[in-house]
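Given next are the chains, with one letter for each unit.
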Amino acid sequence: MNLLIQLKLIKMCRLLVLAIVLVHLVNCQDKENDIEESTPLVYEPSWTYECVPDEGCQRSDFPQPTLNRSMIFDSIDLCRTVCGRFGGIWPKPVTAALSMQTIKIHPNYLRFDLSNAPAETRKILAEMSQVATQNIISECEGNVTEVVEMPVIVHITVKTDNMNLTWQTDEQYRLDVQSKDTSVVVQVIAETVFGARHGLETLTHLISADKPDLSEQSKCGLRMVAGAKIWDKPVYPHRGFLLDTSRNFIPMDDIKRMIDGLATLKMNVFHWHVTDSHSFPLESRRVPQFTKYGAYSASEIYSSEEVRGLVEYALVRGVRILIEIDSPAHAGNGWQWGNEYGLGDLAVCVNEKPWRQLCIQPPCGQLNPANPAVYRVLRDLYRDIAETLTKPPLFHIGGDEVFFECWNSSNTILEYMQTKGYSRNVEGFINLWSEFHEKALNIWDEELAAIGETEKQPVLIWSSELTQAHRIQKHLDKKRYTIEVWEPLSSPLLIQLIRLGYNVISVPKDVWYLDHGFWGQTKYSNWRRMYAHTLPRDPNVLGGEVAMWTEYVDKEALDPRVFPRVASVAERLWSDPTTGASGAQPRLQRVRTRLVQRGLRADVLAPGWCAQHDTRCL
């Protein structure tokens, strides 16, 4: 073959290869165009969730449209609302039978019938109903776009006109939901308005938003469990949450948000540790010097009007405000004005240094029990508080961590002790401490009588050296004092006090403190550990509290530090379940989203994958 023919063949091969490459490129380009046309510009997850027996709600293996099956849902919240024996109800009720079917509703067609409630109760029941309605609307972040003309009639029956929230209040309720072709009929039956409120709260737990998870679409509807029969009542009458607002000031709006969360969980006591040696932010109309000398700033004060408003706000949500004025220790800033006003030292060791020699934590300060003016000032303060709280008022007098070296440093106090025949030793200071509480309690009783509360009311006091089993009966009357025991789990004091016949409230610092304070090792108890702790079943055990001290917390960190961990204690105190934390986790996940929808910045419980696969991360 000559050279010319060879060159022609090479040229033809090159042209053939070029043609093949061009065809391949065109085909690839066509495929890319096909992919672009078939792929949405915005990716929207289309996971579905299935209620699997004994496993809870499980995310689908692949993104897919909702299948035409009854137990497949677009959102995990809706799945959890009907999945399992108790659905999304928290705390766990005594008995419950829930339909696994749901029905579409809209709040515009929600009506409350109060004709079977005493006339005296209808105002607060109407307010409770309004709160429930707003909580239902919050499932759609305040905007329920899918209108369904299905009437939902809630008939509320309350048998008594008693509107006092106490340890004796009957909080049980019955809830019945029946769906018909043209309407949904709900019956809430309770002895008191507070039982009815709990029934309304549970009703909101039977409702969920109806929209795909993580979707950017703005439309949102509501679905409600089509049928339910529930009977419920709490195990313990005192289900409390303590918030310290002295170490760091917490604004009133944030406190009200805490109340909203407590109501969601059926907790019924807000223990307000409002003052301490650090600051005195509580306004007293009769003693304005407290805030003048004790507030961090003019904007960090709780006015009398605000406090009254908070008491009313909480009552509508089934929560009792328990104000604590810590004394005789933990009393410094706010008490240092006595000499300027001719009353002498109302408190000693105030802001003294070095603090380690005179108090448990800085700043120091303890009331001066040798000064009669202290009791006159306390009388005015107590009268302000008695007039503010609901009737009958529940009051916490503090009473812990008296540091004897502080009193021992005051010549005035030592001279007074000598006149009383008190030795300058531990028992002598114990006697002085006991005398203070006796006088303070008498003043409280007298001020209650002055406003028409003739029956003597119990008061709370912290456990301390004064409440140790070998000496408490000499100093504190078991008919008057309820002991709030904050010792660690290893302490025998709780059981000892029960055996001595004292009413107790338990708040073990190494498990139900949400942090463990400025002094010593700070511990973080996760919700499972808090849930696992049980209280003795004894008539003298009124209940318990979870405590949020604020050495390390202000409004910025408050919500995630408190919620949803406090929910674990709420179920322990309401239901005292025999099942473990593992079975509770799917319902607690639903609680967490419910709290978030209601405006609380609740912390997460687990990684997102675990939250979409119940029981798979246990």
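Residues numbered from 1 in each chain as written. Predicted model: local features only at pLDDT ≥ 70, side-chain atom pairs only at ≥ 80, totals over all residues. Heavy atoms only, no water.

**Student:** What's the story with the state of the cysteines in this structure? I'm lost.
**Tutor:** In a disulfide, the sulfur atoms of two cysteines are held together by a covalent bond. Under the criterion given, the structure shown has six disulfides. The partner cysteine of Cys57 in its disulfide is Cys79, sulfur to sulfur 2.1 Å. The sign of the -100° torsion about the S-S bond sets the Cys57-Cys79 disulfide as left-handed. Taken as a pair, Cys57 in strand β2 (residues 56–59) and Cys79 in helix α2 (residues 76–82) lie far apart in primary sequence, 22 residues in all. Across this residue pair, the class does not change: Cys57 and Cys79 are buried. The disulfide bridge from Cys610 ends at Cys617, spanning 2.0 Å between sulfur atoms. Between Cys610 and Cys617 the disulfide shows an S-S torsion of about -85°. By sign, it is left-handed. The exposure class of Cys610 is buried, given its relative accessible area of 14%. Regarding the disulfides, the protein carries the connectivity 1-4, 2-3, 5-6, 7-10, 8-9, 11-12 under sequence-order numbering of its bonded cysteines. (Disulfide = S-S within 2.5 Å. Helix = DSSP H or I, 4+ residues; strand = E, 2+ residues; numbered from the N terminus. Buried < 20%, exposed > 50% of the residue type's maximum accessible area, 1.4 Å probe, protein only.)

**Student:** Whenever I open this one, unusual backbone geometry confuses me. Can you help?
**Tutor:** Only a minority of non-glycine residues have a phi that is not negative, and only a minority of peptide bonds are not trans. Looking along the chain, the bond that leaves Ser327 and enters Pro328 is cis, with omega of 0°. Mapped onto the elements of the fold, Pro328 is located in the loop between β15 (320–327) and β16 (347–348). With an omega of -5°, the peptide bond between Pro362 and Pro363 qualifies as cis. In this structure, Glu141 is a non-glycine residue whose phi angle is positive, near 55°. For Glu141, the position within the fold is in the loop between α3 (122–137) and β7 (152–158). Here Glu141 falls in the exposed class, since its relative accessible area comes to 67%. Positive phi, normally seen in glycine, also occurs at Cys349, with a value near 65°. By the element assignment, Cys349 lies in the loop between β16 and β17 (366–367).

**Student:** Looking at this structure, I do not really get the environment of Asp77. What am I missing?
**Tutor:** Position of Asp77 relative to the elements: it lies in helix α2. Residues Asp77 and Gly88, spaced eleven residues apart in sequence, show a C-alpha to C-alpha distance of 8.3 Å. Not counting residues within four places of it along the chain, the set of residues in contact with Asp77 comprises Ser208, Arg590, Thr593 and Gln597. Here the side chain of Asp77 touches Gln597 through a polar contact of 3.4 Å, side chain to side chain. (Contact = heavy atoms within 4.5 Å. Polar contact = N/O pair within 3.5 Å; in protein donor to acceptor, adjacent residues only side chain to side chain.)

**Student:** Would you take a moment to explain the packing of helix α8 (residues 372–388) against helix α11 (residues 426–450) for this structure?
**Tutor:** When two helices pack together, their arrangement is captured by the angle between the axes and the distance separating the axes. Look at α8 against α11: their axes get within 9 Å of each other, and the N-to-C directions meet at 45°. Our classification of the angle between α8 and α11 gives oblique. Once α8 is placed against α11, the crossing between them reads as right-handed. Contacts between α8 and α11 involve Tyr375, Leu378, Arg379, Tyr382, Arg383, Ile385 and Ala386 from the first element and Phe436, Lys439, Ala440, Ile443, Trp444, Glu446, Glu447, Leu448 and Ala450 from the second. Grouping the constituent residues of the contact of α8 with α11 by class yields eleven nonpolar, no polar and five charged. (Axes fitted to C-alpha atoms, helices over the stretch in contact; angles between N-to-C directions. Parallel < 35°, antiparallel > 145°, perpendicular 65-115°, else oblique. Left-handed = near helix turned anticlockwise from the far one by under 90°. Nonpolar A, V, L, I, M, F, W, Y, C, P; charged D, E, K, R; others polar.)

**Student:** Looking at this model, I keep getting lost on the nonpolar core. Mind explaining?
**Tutor:** Soluble, globular proteins show a tendency: their nonpolar side chains are buried together. One finds Phe241, Phe270, Trp272, Ile321, Trp335 and Ile483 to be the most contacted residues of the largest nonpolar core, which totals 117 residues. The biggest single contributor to this core is α11, with ten residues. Every residue in contact with Phe270, bar those within four places of it in the chain, is listed here: Phe241, Leu243, Ile255, Ile259, Leu262, Val319, Arg320, Ile321 and Leu322. Listed in part, the 59 residues of the second largest apolar core include Cys79, Leu165, Val177 and Leu222. (Core = buried A, V, L, I, M, F, W, Y, C linked by side-chain atoms within 4.5 Å.)

**Student:** Would you take a moment to explain the packing of aromatic side chains for this structure?
**Tutor:** Between two aromatic rings, the relevant description is the distance of the centres plus the angle of the planes. Counted by the stated rule, this structure contains 20 aromatic pairs. With 4.8 Å between their ring centres and 70° between their planes, Phe290 and Trp335 make a pair best called edge-to-face. Of the two residues, Phe290 sits in helix α6 (residues 289–294) while Trp335 sits in the loop between β15 and β16, which places them 45 residues apart along the sequence. Using a relative accessible area of 0% as the deciding quantity, one classes Phe290 as buried. What makes Trp335 buried here is its relative accessible area of 3%. Considering the side-chain rings of Trp462 and Trp549, the 6.0 Å spacing of their centres and the 45° angle between planes classify their relative orientation as tilted. Of the two residues, Trp462 is situated in strand β19 (residues 459–462) and Trp549 in the loop between β22 (541–548) and α15 (558–562); the sequence distance between them amounts to 87 residues. Judged by relative accessible area, which is 1%, Trp462 ranks as buried. Lying over the aromatic face of Trp574, Lys266 brings its terminal NZ or CZ to 5.9 Å of the ring centre. (Phe/Tyr/Trp six-rings, centres within 6.5 Å; stacked < 30°, edge-to-face > 60°. Lys NZ or Arg CZ within 6 Å of the ring centre and 35° of its normal.)

Distances and angles like these do not, on their own, reveal function.
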